[in-house]
Each structure stands twice: as C-alpha cells, then as structure tokens.
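# Fold and geometry: a report
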Amino acid sequence: MTTKYTPVPCSIYGKYESAIFKGHRLRLCWVGAQGQHHIETVTISDLRVKHRAEYMICQNRHGRRRILRLDRVRSARII
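All figures in this text were calculated on a predicted structure; none of them were measured in a lab.

## What about the layout of surface pockets?
Of the volumes computed, that of the largest pocket is approximately 240 Å³. Together, 14 residues line the largest pocket, and Ile12, Lys15, Tyr16, Ser75 and Ala76 are the ones closest to its centre. For the lining of the largest pocket, the secondary-structure elements that each account for two or more residues are helix H1 (10-22) and strand S5 (73-78). In terms of residue count, the dominant contributor to the lining of the largest pocket is S5 (six residues). When the residues that make up the lining of the largest pocket are grouped by side-chain class, the tally is nine nonpolar, two polar and three charged. Approximately 160 Å³ is the volume found for the second largest pocket. Trp30, Val31, Gly32, Ala33, His38, Tyr55, Arg66, Ile67, Leu68, Arg69 and Arg72 are the residues that line the second largest pocket.

In structure tokens, the structure reads:
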C-alpha cells in the first residue's frame with residue numbers, strides 16, 4: 001500500500017521535536033504499510049525527510065528500532 005505522502009501540521013511535528021528534546025516516551029497508534037494497525041510505546045530519536053516524506057526514527061521498549069512515516073501515525077500521547 002504505497003500512497004502519496006500527506007504532510008503533518010507543524011504543531012504536531014513540533015510536539016515530536018519536543019518529545020525528542022525532553023526524552024519523553026510516547027504511546028503511538030499507527031497504520032503500517034500493509035494497512036495493519038499498531039499500538040506501541042516508543043522513544044523518538046530523530047525525525048528525517050526522505051523522498052519528500054517525513055519519518056520518525058524511534059525505538060520500542062524492547063530496543064527494536066522503527067522508522068515510521070509521520071502521516072501514518074494516528075495518535076501520539078506522552079506517557
């Protein structure tokens with residue numbers, strides 16, 4: 001399921017930047033590339049742009065690294 005990227009609002013991007021700076025963990029809900037739904041607690045390490053899309057580089061509590069396309073994140077809550 002490859003779809004055109006939809007930019008996220010600056011206010012949401014700013015919240016992700018703040019979470020990186022403050023070291024907050026987030027409870028994320030997102031839709032994967034194949035349409036599957038995920039819920040996981042992560043710590044964001046970086047935000048990047050690649051091929052005109054924005055991505056979050058994060059790690060779950062088990063140390064698994066994830067790269068999530070920002071427009072697929074449905075909700076993010078600081079825990």
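Don't stop here, the text continues.
## What about the environment of His37?
On the secondary structure map, His37 appears in strand S2 (residues 37-50). Residues His37 and Arg74 lie 37 residues apart in sequence; the distance between their C-alpha atoms is 9.5 Å. Apart from residues no more than four positions distant in its own chain, His37 is found in contact with Trp30 and Val31.

## Brief notes about the nonpolar core
Within soluble globular proteins, side chains that are nonpolar generally end up buried alongside one another. Counting 17 residues, the largest nonpolar core has Tyr16, Leu28, Ile44, Leu47, Met56 and Leu70 as the members making the most contacts within it. Taken together, the elements giving at least two residues each to this core come down to H1, strand S1 (25-31), S2 and strand S3 (53-60). Once residues lying within four places of it in the same chain are set aside, the contact partners of Met56 are Tyr16, Leu28, Ile44, Asp46, Leu47, Arg66, Ile67, Leu68 and Leu70.

## Some thoughts on the sheet that holds S5
The strand order across the open sheet built from five strands is S4-S3-S2-S1-S5, with neighbouring strands paired in antiparallel fashion. Each edge of the open sheet is held by one strand with a lone partner, namely strand S4 (65-69) and S5. In this sheet, neighbouring strand axes are inclined to one another by 45 degrees on average, regardless of whether the strands run parallel or antiparallel. Relative to S5, S1 is paired through five bridges, and the arrangement is antiparallel. Directly across from Arg27, in S5, lies its bridge partner Arg77. Most of the contacts of H1 go to S2, to which it runs at about 95 degrees, and overall it touches S1, S2, S3 and S5.

Conventions we followed
Residues numbered from 1 in each chain as written. Predicted model: local features only at pLDDT ≥ 70, side-chain atom pairs only at ≥ 80, totals over all residues. Heavy atoms only, no water. 1 Å grid on protein atoms, 1.4 Å probe; cavity = no way out; pocket = protein on both sides within 12 Å on 5 of 7 lines; lining within 4 Å. Points joined across faces, edges and corners; volume = space filled by probe spheres on them. Helix = DSSP H or I, 4+ residues; strand = E, 2+ residues; numbered from the N terminus. Nonpolar A, V, L, I, M, F, W, Y, C, P; charged D, E, K, R; others polar. Contact = heavy atoms within 4.5 Å. Core = buried A, V, L, I, M, F, W, Y, C linked by side-chain atoms within 4.5 Å. Buried < 20%, exposed > 50% of the residue type's maximum accessible area, 1.4 Å probe, protein only. Pairing = 2+ DSSP bridges. Axes fitted to C-alpha atoms, helices over the stretch in contact; angles between N-to-C directions.

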